[in-house]
Amino acid sequence: MKKIVALAVSGGIDSAIAAYILQKMGYEVVGVHFQFWTWENDISSLEKSRRILIDDISEKIGFRIETIKQEKYFKKTIVNKFLSELSNGQTPNPCVRCNQFVKFKLLKDFAEKENIFIIATGHYARVEFMHGGNYKLIKGIDPEKDQSYVLCNLNQELLSRIIFPLGETYKKDNIDLGKNLGLKIIGFSESQDLCFVNSNHYKQFISESIPNSIKPGDIVDNSEKILGQHKGLAYYTIGQRKGIRVSAKEPYYVISKDFIRNRLIVGHMDELGRDQMVVNYLNWINKQPEMPFTCDVKIRYRSSYIRCSIERASKNTIRVTLSQKLRDITPGQYAVFYSGDEVLGGGKISGKKQ
């Protein structure tokens, strides 16, 4: 009798190839597509495209895919939280939060309803069983596609049930395989940064969703000299260069945001960056390391790994000292810690000053 696995299906190439690989591994695949909330200006085109792709995947790979609507839960848990943090001067990362509180929770709930223990997704990551009985979260072997960063909030209970079929594969090979299978997804572009709003409509979405937070204010330098006017702090992020619109011999970058006085603080390249940050809302995947300790850290999904030392700042907060200055340490984003290929855990970068 075949083992059954519940697979989250987004409608993209990755979940399609994940299903194909799982079948080759001998599993019976039961797919589930969660239909999430999308901003009204984008909903019709996005969902129509996803529906075409999901039907094509189901037919070409040969397995059942159930669609479950979760618009209200997604909007409440992810979109509203995103807008709240944005209103409070942070630059949130909804993908990390979504994996923790939405995607894997709903996938687990679906599996249990279907009496299925094993769950799977199309993430490029790996799970390794340890002799002591716990599980490690490991980077995917494709350095260009590794998605372990956005999985930093997984726990032992979930890792004991998860299969990541793409962890030992390369994206380019999966695209070639998709072409050989005749999948329609090959003709579509990769998913965007935010799944609930098209990047071309981002500013309109923000201005309509949190209009009270979009207030013009002063652009100042570190000496508090007024250089110009910004259009609303929510439109800017740390390290940003484009869109500041202040004339100078050297370009200005966003250094920080003064939410209390509604000021955008800018400076030149030599003023940008710092080598310390405070991180809270921590999740350690296996066990909390003894402190102080050293490891590698990433502060964005696409950023490089930087060596750092970690010490406790308070009961639920750590202080991270970096081996070099980073220009885009941004409150609301996640710092994810690595020992070699293993993900130790991660937490949210705090706005607390050093």
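Preceding this section is the structure that the text describes.
Residues numbered from 1 in each chain as written. Predicted model: local features only at pLDDT ≥ 70, side-chain atom pairs only at ≥ 80, totals over all residues. Heavy atoms only, no water.

Caption draft 1: Region of the structure containing the side chain of Gln333. Residue position: Gln333 is located in the loop between β15 (317-326) and β16 (334-339). In this structure, Gln333 is in contact with Thr91, Pro92, Asn93, Tyr149, Ile299, Arg300, Gly347, Lys348 and Ile349, ignoring residues within four places of it in sequence. (Helix = DSSP H or I, 4+ residues; strand = E, 2+ residues; numbered from the N terminus. Contact = heavy atoms within 4.5 Å.)

Caption draft 2: Structural detail: the packing of helix α1 (residues 13-24) against helix α6 (residues 171-180). Where α1 meets α6, the axes come as close as 10 Å, and the angle between the chain directions of the two elements is 75°. By the criterion of interaxial angle, the relationship of α1 to α6 is roughly perpendicular. For the pair formed by α1 and α6, the contact residues are Ile13, Asp14, Ile17 and Tyr20 on the first element and Lys171, Asn174, Leu177 and Gly178 on the second. Of the residues that constitute the contact of α1 with α6, the class distribution is four nonpolar, two polar and two charged. (Axes fitted to C-alpha atoms, helices over the stretch in contact; angles between N-to-C directions. Parallel < 35°, antiparallel > 145°, perpendicular 65-115°, else oblique. Nonpolar A, V, L, I, M, F, W, Y, C, P; charged D, E, K, R; others polar.)

Caption draft 3: Structural detail: the sheet that holds strand β1 (residues 4-8). Here we have five strands laid out as an open sheet, ordered β3-β2-β1-β4-β7, and parallel in their pairing. The sheet is open, and its two edges are formed by β3 (64-69) and β7 (162-163), each paired on a single side. Pairing of β1 with strand β2 (residues 28-35) involves five bridges; the strand directions are parallel. Across the sheet, Val5 pairs through a bridge with Val29, a residue of β2. Taken strand by strand, α1 contacts β1, β2, β4 (118-120) and β7, and its axis lies near 170° from that of β1. (Pairing = 2+ DSSP bridges.)

Caption draft 4: Layout of the pairing of β15. Pairing of strand β12 (residues 274-284) with β15, which is carried by five bridges, proceeds in the antiparallel orientation. When the bridges of β15 are listed, Val279 appears paired with Ile318. As paired elements, strand β14 (residues 306-314) and β15 share six bridges and run antiparallel to each other. Counterpart to Arg312 in the pairing with β15 is Ile318.

Caption draft 5: How the structure looks around empty space enclosed by the protein. Taken as a whole and judged by the stated rule, the model has one cavity of 30 Å³ or more. The volume enclosed by the largest cavity comes to roughly 60 Å³. As for the largest cavity, its lining consists of Ile78, Lys81, Phe82, Glu85, Pro92, Asn93, Pro94, Arg97, Gly332, Tyr334 and Lys348. Elements supplying a minimum of two residues to the lining of the largest cavity: α3 (71-87) and α4 (94-113). Considering every element that reaches the lining of the largest cavity, the biggest residue donor is α3, with four residues. For the lining of the largest cavity, a count of residues per class yields five nonpolar, two polar and four charged. (1 Å grid on protein atoms, 1.4 Å probe; cavity = no way out; pocket = protein on both sides within 12 Å on 5 of 7 lines; lining within 4 Å. Points joined across faces, edges and corners; volume = space filled by probe spheres on them.)

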